[in-house]
Amino acid sequence: MKRVFVILSILFISQSAIADPVDLTYYLSEGTSYNSDIPTPEAFFGFQIGQWHLRHDLTVAYMKELAKRSDRISIQTYARSYEHRELLLLTITAPDNHQNIETLQQQHLQLSMPNQSETLNTDEMPIVVYMGYSIHGNEPSGGNAAPLVAYHLAAAQGATIDSLLQNAVILLDPAFNPDGFNRFAHWANTHRGKHANADPAHREHNEVWPGGRTNHYWFDLNRDWLLLQHPESQGRMVNFHAWKPNVLTDHHEMGTNRTFFFQPGIPSRNNPLTPKRTFELTAAIAERHAEALDNIQSLYYTKESYDDFYIGKGSTYPDLNGSVGILFEQASSRGHIQESIHGPLRFPFTIRNHVRASFSTLKAALELRKELLDHQRTFYTDAVDEANKSRIKAYVFGAPSDLARTHQFIHLLQQHRIQIHELARPLTPPGGQTFAPGSAYVIPTNQPQFRLLTAMFERRTTFQDSLFYDVSAWTLPLAFNMPFAELTSSSQEVIGDRISPSVMPQGRLIGDANAYAYAFEWKGYYAPRALYRLQEAGVMTKVATQPFRIQTAEGTRIFDYGTILIPMGIQQIAPQNIARLLDLAIQEDAIEVYAFETGLATSGISLGSPNFAALQKPEIAILVGDGTTSYNAGEAWHLLDQRYDMDVSLIETRHLNSTMLTRYNTVIMAGGSYSTLDSTKRSTLKEWARMGNTVVAYDSAARWAVQNKFVNTTFVQKDIKKTSDSRTYINASSDRGAQVIGGAIFQVKIDRTHPLSYGYTSDTLPVFRRGTALLELTKNPYATPFRYTGRPLLSGYISNQNLVQLQNSAAVIAGKQGQGRVILMTDNPTFRAYWYGTQKLLANALFFGPVINNGTLQAEE
């Protein structure tokens, strides 16, 4: 007991008995001299780091000052956030390396080029380390450590720092997520009193919705390394591939009662495409972290809790690119000081651990320099060897009816340096569709990015472990609903020229400008944007609820369900203004607009038919705030605001009332418990729906809607099998986790005649699912236009028990409430913004929900 008391006493002193503010030597190693011409953080900010939370603008100003004062540092603004904040990259190395930086950069990149890397001598080559901080804004100790690390690298004197800078190029990214970082700094500083309060119940430690973790649109940027849907990630990826660093650090925080974590993670949850050598080097680097934290008596752990499976995280993406990604997780004070099981946890203590882990990373990189450089070279030469042995020789893909979506898919792949080629001739793979040059492309697997390419396209359904820290599947062509096929034989004859960076395609006008009517099909990704632009200008629009054939300038043509019609004879808007709006749809939305000279169809419905339903402009509110899921709400907001250019109001659930709702005809409930909607608010929302308005509820909001009798339907009852077999206590967590659907991809069958299916060209659709809430098929046979197939699993993990229950269950239900519509979706149609394939489902609910035939809706209770 005496020994235990001594250890705990040391820990208590090391993190709690520190003066506020602390001295600079608390963070930096003693005995190092510093250039007095370089301002310390305290001298520049007017307070010591850790005393207050740094605002992002202060960090930017200090980093620019360091770059101005030190010949070791160059600085660039590589992107701006949605809130127009700068994202900076500091390149830190010896002055003579700066004089030769472009040569060093090109030489380093050659390590990832198997046809050039063999002759490179790594004995004298500098190591490249990318250090990134606080991608989660309310995990601020990393971002507050960054100025201290930068100061040390700019101002430290002596042989140790000279050797480091001569043999390393350090890329320092002080704030991956400036909007979230600033949001949390404001929160923490606003609630700091003269006397810091450690009470966990104190408001400082309990952020209001949505919190500071996420970016402006409430996305988790640490899931966006692969998906690249946001400017912060897109800019960072340019930096990454401009250098291809050997080591990348990703500095985070975790629960207050934890200690400090560094990788390796749980070995059974490593991505199988990552070579064994990557994890060996991770373990070797970890030894240096342990040594550094031992020296300051900080508790830590490794090989637990976190994994390296999902490649879209900052610590895993590098592993599939010849680098070594390192995750750091520091117990969070979530403010300036907070009680913990280890005593009061002070903000300076959390910062110091990240500073020391940064230094131990640099020490490891220098000591393992040649091993890391050689690993990068070997990674890419081995990748090409594996590609040559692979069963899959190429992938062919293309969506001829939606060139905009194809462009976005290509653009995503090219940002990851995937080499894509024109399709040289028409191709019909066994059992598949025909791919044609001009609308389809081919990706040979024999390329340096073979491992990353495989991770993007593979459909993995078997796993070593049944637990996942994040999703178990992310197959990109399925997310884009992109037709694709694997080519397993020699593909040289179909590989055309390598394509240059993709640019947004344009549509065209087919016919004369002076038309009886105009029309465009709903298949294009940006068709909702084109339609809303017309509606916003007051143009009367209709939608075809049946197909029709009609004469066009290019001959007769069949137009599918969902075709948008602009009859010119009924418009109150000047024809030249309508023509201008349609030209925008052609130029910006890649829409093909047809000019009809007659209203008479050669078959099917003519243009004056009542089967062309008049459309109303959606007036949309998204319910946000306490009781809602900020990720889901942000994804809906981002889609409508950024992609479709639609007006949308964000309404706090606690403010919901009948007067407010009169402004809207559509309410989106994107997920959550909706605990703040009391009986009065629930009744208000239900009565508003009954007046002819539309509620769109998905993910966990669908459960809320069913439980509160907005739709008369039921959930699938779980088949809980009783067993007399005893289980080992230690396995309880993994047993429960095995029954979780943490994120996998499934197939649904769709009724293409239904308004919610307009724009889809296939009878099946890949969807992303999280969670085990499953809806039964409706009693009304027309009210379930999307249902899971009998063999639904396409990619990812699901237990056998859950798979059986998912089969043939409902995915989308169209119900009614009085004269209104209630549309339920069991899954999130715009997950992480990259599910281009199902985003049209949400658009259909908004634009076409009101035109669903009343008799086909599931009756209310």
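For the structure, check the block above.
Parameters at a glance
All residue numbers refer to positions counted from 1 along the written sequence of the respective chain. Two thresholds apply to this predicted model, a pLDDT of at least 70 for residue-level local features and 80 or more for giving and counting side-chain atom pairs, whereas whole-chain, interface and lining totals are computed over all residues. Only hydrogens and water are set aside when side-chain values are computed; all heavy atoms of the structure are taken into account. Any two strands are treated as partners once DSSP identifies two or more bridges connecting them. What counts as a helix is a DSSP run of H or I of at least four residues, what counts as a strand is a run of E of at least two, and both are numbered from the N terminus. Only the stretch in contact is used when a helix axis is fitted, and all axes are lines through C-alpha atoms; the angle between N-to-C directions ranges over 0 to 180 degrees. The term salt bridge refers to a pairing of a side-chain nitrogen on Lys or Arg with a carboxyl oxygen on Asp or Glu at a separation within 4 Å. Relative accessibility decides the category of a residue: with a 1.4 Å probe and only protein chains considered, values under 20% of the type maximum give buried, values over 50% give exposed, and everything between is partly exposed. Here is how to tell: hold the view so the strands point away, follow the path from the first strand over the helix to the second, and if it runs clockwise the crossover is right-handed. Working definition of a nonpolar core: buried Ala, Val, Leu, Ile, Met, Phe, Trp, Tyr and Cys residues. They are joined through side-chain atoms within 4.5 Å. Residue contacts follow a heavy-atom distance rule, with two residues in contact if any of their heavy atoms lie within 4.5 Å. Pairs were defined over the aromatic rings of Phe, Tyr and Trp, the Trp ring being its six-membered one, requiring ring centres within 6.5 Å. Orientation was assigned from the angle between planes: stacked under 30 degrees, edge-to-face over 60, tilted for the rest. Over a ring means this: the NZ of a Lys or the CZ of an Arg is within 6 Å of the ring centre and within 35 degrees of the ring normal. Should an angle fall under 35 degrees it is taken as roughly parallel, and over 145 as roughly antiparallel, whereas 65 to 115 is taken as roughly perpendicular and any remaining angle as oblique. Should the near helix be turned anticlockwise from the far one by less than a right angle, the crossing is termed left-handed; should it be turned clockwise, right-handed. Side-chain classes are defined by residue name, with Ala, Val, Leu, Ile, Met, Phe, Trp, Tyr, Cys and Pro counting as nonpolar, Asp, Glu, Lys and Arg as charged, and the others, Gly among them, as polar.

Concerning the sheet that holds strand β12 (residues 441-444)
Here five strands make up an open sheet; going across it, the order is β13-β10-β12-β11-β14 and the pairing antiparallel. The open sheet has two free edges, formed respectively by β13 (484-487) and β14 (495-498), since each of these has just one partner strand. Between one strand axis and the next, the sheet turns through 30° on average, direction left out of account. Pairing between strand β11 (residues 421-423) and β12: two bridges, direction antiparallel. Bridge pairing in β12 places E422 opposite Y441.

With respect to the pattern of salt bridges
Close approach of charged atoms allows side chains with opposite charge to pair. The final tally for this structure, using the stated rule, is 36 salt bridges. Between E86 and K64 there is a salt bridge, with the nearest N and O atoms lying 3.0 Å from each other. With E86 in strand β2 (residues 86-92) and K64 in helix α4 (residues 56-69), this residue pair connects regions lying 22 residues apart in the sequence. Residue K64 is classed as partly exposed on the basis of its relative accessible area, which comes to 36%. Notably, a salt bridge pairs R460 with E458, separated by 3.0 Å at the nearest N-O pair. Since its relative accessible area comes to 22%, R460 is described here as partly exposed.

Considering unusual backbone geometry
Across the junction of W209 and P210, the peptide omega takes the value 5°, indicating a cis bond. Relative to the elements of secondary structure, P210 occurs in the loop between α9 (178-190) and α10 (231-243). The phi angle at A590 is positive, at roughly 60°, despite the residue not being glycine. Turning to its location among the elements, A590 is positioned in the loop between α18 (575-589) and β21 (592-596).

Observations concerning the pairing of strand β25 (residues 648-652)
Bridging between strand β24 (residues 620-624) and β25 involves five bridges; their strand directions are parallel. Paired with I622 across the bridge in β25 is L650. In this fold, β24 hands off to helix α19 (residues 630-643), which returns the chain to β25; that crossover is right-handed.

A few points about the nonpolar core
Membership of the largest hydrophobic core comes to 138 residues, with the highest contact counts inside it found for L640 and F786. By residue number, the principal contributor to this core is helix α25 (residues 836-848), which donates eight residues. Setting aside chain neighbours within four positions, we find F786 in contact with V748, K749, I750, L756, S757, Y760, L765, A810, A811, V812 and L841.

Remarks on the packing of aromatic side chains
All chains considered together, the criterion is met by 48 aromatic pairs. An aromatic cluster is built from Y395, F397, F409, Y441, F457, F480, F484, Y525, Y526, Y644 and Y836, whose rings are joined through pairwise contacts. One Lys or Arg, R557, reaches over the ring of F559 and ends 4.8 Å from the middle of that ring. Taking NZ or CZ as reference, R703 lies 4.4 Å from the ring centre of F715, over its face.

Here's the deal with the sheet that holds strand β16 (residues 517-520)
Strand order in the open sheet made by the six strands is β15-β21-β16-β20-β17-β23, with mixed pairing throughout. Across the chains shown, the open sheet's two edge strands, defined by having one partner strand only, are β15 (508-510) and β23 (612-614). Sheet twist, expressed as the mean angle between neighbouring strand axes with direction ignored, is 30°. Summarising the sheet, β16 and β21 pair through three bridges and their orientation is antiparallel. Residue pairing in the sheet places A519 in a bridge with Y594 of β21. With respect to the sheet, helix α17 (residues 527-536) is in contact with β16 and β20 (564-567), its orientation differing from that of β16 by roughly 150°.

Focus on the packing of helix α11 (residues 276-295) against helix α13 (residues 369-389)
Direction vectors running N to C along α11 and α13 enclose 160°, while the axes themselves pass 11 Å from each other. On the basis of their axis angle, the class for α11 and α13 is roughly antiparallel. As α11 packs across α13, the resulting crossing turns out to be left-handed. Note on element contacts: α13 touches α11 through E371, L372 and H375, opposite R277, T278 and L281. Across the contact of α11 with α13, the residue classes break down as two nonpolar, two polar and two charged.

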